[in-house]
Number of protein chains: 2
Amino acid sequence: MAQKIKLSTIAESLGLSTATVSLALRDSPLVASDTREKIKEQARLLGYIYNRRAASLRTSRSGIIGVVVHDIMNPFYGEILKAIESELDRSRQTFILSNHYDSVEKQRTFIETLLQLGGDGVIMSPAIGSPPEDLMLAEDNGMPAILIARTMDGLALPTYRGDDTYGISLATNHLIGLGHRVIAMVGGTDQTSTGRDRYQGYVNALRKAGIAVDPNLRIPGPRTKQGGFEAAVNFLSLPQKPTAAVCWNDLVAIGLMNGISRAGLVPGRDISVTGYDDLEEASIATPALTTVSNGQAEVGRLAARALLDKLAGSHEPDGLHLIKPEMRIRQSTGPIHHRD
Amino acid sequence: MAQKIKLSTIAESLGLSTATVSLALRDSPLVASDTREKIKEQARLLGYIYNRRAASLRTSRSGIIGVVVHDIMNPFYGEILKAIESELDRSRQTFILSNHYDSVEKQRTFIETLLQLGGDGVIMSPAIGSPPEDLMLAEDNGMPAILIARTMDGLALPTYRGDDTYGISLATNHLIGLGHRVIAMVGGTDQTSTGRDRYQGYVNALRKAGIAVDPNLRIPGPRTKQGGFEAAVNFLSLPQKPTAAVCWNDLVAIGLMNGISRAGLVPGRDISVTGYDDLEEASIATPALTTVSNGQAEVGRLAARALLDKLAGSHEPDGLHLIKPEMRIRQSTGPIHHRD
DNA sequence: CTGAAAGCGCTTACAG
DNA sequence: CTGAAAGCGCTTACAG
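This one's a predicted model, so the numbers in the text were calculated from it and none came from an experiment. (Residues numbered from 1 in each chain as written. Chains lettered and ligands numbered in written order. Predicted model: local features only at pLDDT ≥ 70, side-chain atom pairs only at ≥ 80, totals over all residues. Heavy atoms only, no water.)

## Thoughts on the interface of chain A and chain B
At the interface, 50 residues of chain A touch 50 residues of chain B. Counting each side, the surface lost to burial between chain A and chain B is near 4,500 Å², with a carbon and sulfur contribution of 57%. By the criterion of area lost to chain B, the three top residues of chain A are Arg53, Met73 and Ile284 of chain A, representing 18% of everything that side buries. Where chain A meets chain B, there are 8 salt bridges. Where Lys106 of chain B meets Asp89 of chain A, a salt bridge forms, and the shortest distance between an N and an O atom there is 3.2 Å. Looking at the side of chain A that touches chain B, the elements with two or more residues in it are helix H4 (52–59), helix H5 (75–90), strand S2 (94–99), helix H6 (104–116), helix H10 (225–236) and helix H11 (250–262) of chain A. In terms of residue count, the dominant contributor to the side of chain A that touches chain B is H5 of chain A (6 residues). (Contact = heavy atoms within 4.5 Å. Buried area = accessible area lost by both parts, 1.4 Å probe. Salt bridge = Lys/Arg side-chain N within 4 Å of Asp/Glu carboxyl O. Helix = DSSP H or I, 4+ residues; strand = E, 2+ residues; numbered from the N terminus.)

Following this line, the structure appears as structure tokens:
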């Protein structure tokens, strides 16, 4: 590596001022077009690398946007991130990604780091138990924040997520329509808005159909494939002998189906199973999973757009934006089939 | 948000110089301990946020490390990233993540952005068709680079990956040992070192066992679950009627097994299937997938360590570091079972 | 143990 | 259309 090339190196080599070089490289109409071309050519020749830290120190815009979610390895978040990425790419923003694994500590460290780097904004799916002041840390320091996937009550932050109560009722009603009466709910936690909403939607649907709600038919906890797989044992030994399971999400549903298969039963025939999210994987599972679309691409796209709009100065209405879920009927659900 | 708090705000409020405040906040022994405590307390009270851009402009260390891989939604990379993350977390480095989706363009943009941000180093799994000069762009500008998962010939960059040729021969030999003679290879591409190495390992193992290599038994292309699922049709209609498939990776294997199941055959009994990578998901697939561990956690950990060591000044030996794969025998492979 | 001053590499009024 | 100069918020010699 030769000497570090900076604006002044280019300026001196051309007998111009740094001001002119700076303007030219950013395509300012203030610079004569042949001067501009000469400067750009010289920058290329010298292998000039723009120092964003210096620029951002001066302008206080860094071009950095932070995104923090529970776990990027979870395809649900992966699909959201993909949409955010393609939206941010278009406006040449760099994005910094982090998992918080539901650690409030890790989440706060991330927000602080982002503030230190002069981040322009942040999109987050809040960790379980987040203190409101942690989530407001960004806004309080002039960095706009947008929430996705989970709601935090009492926070005036724009939020984009699916309508969980409604969505899970679609799945539950679908099963009821197929004749199922003993329907378990597998997975999820009351510690998130999503978890509470989905359980509530399931309860509502049963009540509306005149089916008594049996709390023992709830197997809370699992949120992953592994979790669903392990829950199969509990599920299959429930004394009420459910003929169907409404799962917390697709991962749990696929895991549960694997567990059911291992036990020699056929999901979709012996036991009906619904997922939630409609991950890319849902349609190629065996059997293909009946599930509820949860608008990941939409959530990511809208959240990114809202943030970019905010940065551009237009004031989006704050508040909750619910994406409407839709039923996707496939092979994992069918008419009631009595075990025993 | 009140007035922006900076070092000088704290200094003035305490009647000290910025130099003293700066040193105190970084726990310098040069500052008297009660002065230091007073300063730290004041910083906390004022809600001071350290401006890393300003600091890094001065010190030319940013605390940022870039990581770019093909696709973070692919659990193979996800598992590597997790290991990198936990290693970097320990040394308080921020990491910036990006997908290149095998676009050389996107990869170069990422490296340039990282240079502009003053990144301290970069870990990359090179995009297909990367020009060597793109990969050297980082090093040429003083930013150390480490390669993972894929090799680029003729580049003097430290590289960490699994031993593909050896690993795939383990899988192939396992099938041969079970009596299989017509073994297809499903997925992968000759455009990556990994793809070439794995095909070669498969060919070597067959030859060593005295089995003629039939190029028509290769179904190149698939690298995802979806791809494996779709390849099932081709696989099942091969005129040679293979009794087993060596798959490019676990995703392809799981997809292929789903496709085989849909066709009414039982993977693990009618058709033996091996995967590659030993993803977390492999053990809960149905049937549980026989596969080859590919050391994702090891690759991530070692690559991150090597980079941190390099940043700390110790010169790691460059060159290729191969992680030794191991066979994981589960339910998706069994003795030969003739179709028809 | 503490302070005054220069400088990291940009951009932005302000002049001309 | 171009230039001289100040300043973004830190850290680092150098003095004392």
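## Quick word on empty space enclosed by the protein
Inspection of the entire model under this criterion finds 5 cavities of 30 Å³ or more. If you add up the space inside the largest cavity, you get close to 150 Å³. Lining the largest cavity we find 15 residues, and of these Ile254 and Asn258 of chain A together with Ile254, Asn258 and Glu281 of chain B sit closest to its centre. Those elements that provide at least two residues to the lining of the largest cavity are H11 of chain A together with helix H11 (250–262) of chain B. Residue composition of the lining of the largest cavity, by class: 7 nonpolar, 4 polar and 4 charged. (1 Å grid on protein atoms, 1.4 Å probe; cavity = no way out; pocket = protein on both sides within 12 Å on 5 of 7 lines; lining within 4 Å. Points joined across faces, edges and corners; volume = space filled by probe spheres on them. Nonpolar A, V, L, I, M, F, W, Y, C, P; charged D, E, K, R; others polar.)

## Examining the protein's contact with DNA strand D
Residues in contact with DNA strand D amount to 24 residues; listed here are only the nearest, Ser17 and Arg58 of chain A together with Leu7, Ser22 and Arg58 of chain B. Ser17 of chain A is positioned such that a nitrogen or oxygen atom in its backbone is 2.8 Å from a phosphate oxygen of DNA strand D. Contacts to DNA strand D include Thr20 of chain A, whose side-chain N or O atom sits 2.9 Å from a phosphate oxygen. Sorting the residues of the surface near DNA strand D by element identifies helix H2 (18–25) and H4 of chain A together with helix H2 (18–25) and helix H4 (52–59) of chain B as the ones contributing at least two each. (Near = heavy atom within 4 Å. Polar contact = N/O pair within 3.5 Å; in protein donor to acceptor, adjacent residues only side chain to side chain.)

## Digging into the protein's contact with DNA strand C
Near DNA strand C you find 25 residues, and of these Ser22 and Arg58 of chain A together with Ser17, Thr35 and Arg58 of chain B are the closest. Backbone sugar and phosphate groups make up 71% of those atoms of DNA strand C lying within 4 Å of the protein. Leu7 of chain A is positioned with one of its backbone polar atoms (N or O) 2.9 Å from a phosphate oxygen of DNA strand C. Ser17 of chain B is positioned with one of its backbone polar atoms (N or O) 2.9 Å from a phosphate oxygen of DNA strand C. Of all elements in the fold, only H2 and H4 of chain A together with H2 and H4 of chain B reach the threshold of two or more residues within the surface near DNA strand C. For the surface near DNA strand C, the element with the most residues is H4 of chain A, which contributes 4 residues. Residue classes in the surface near DNA strand C are distributed as 14 nonpolar, 7 polar and 4 charged.

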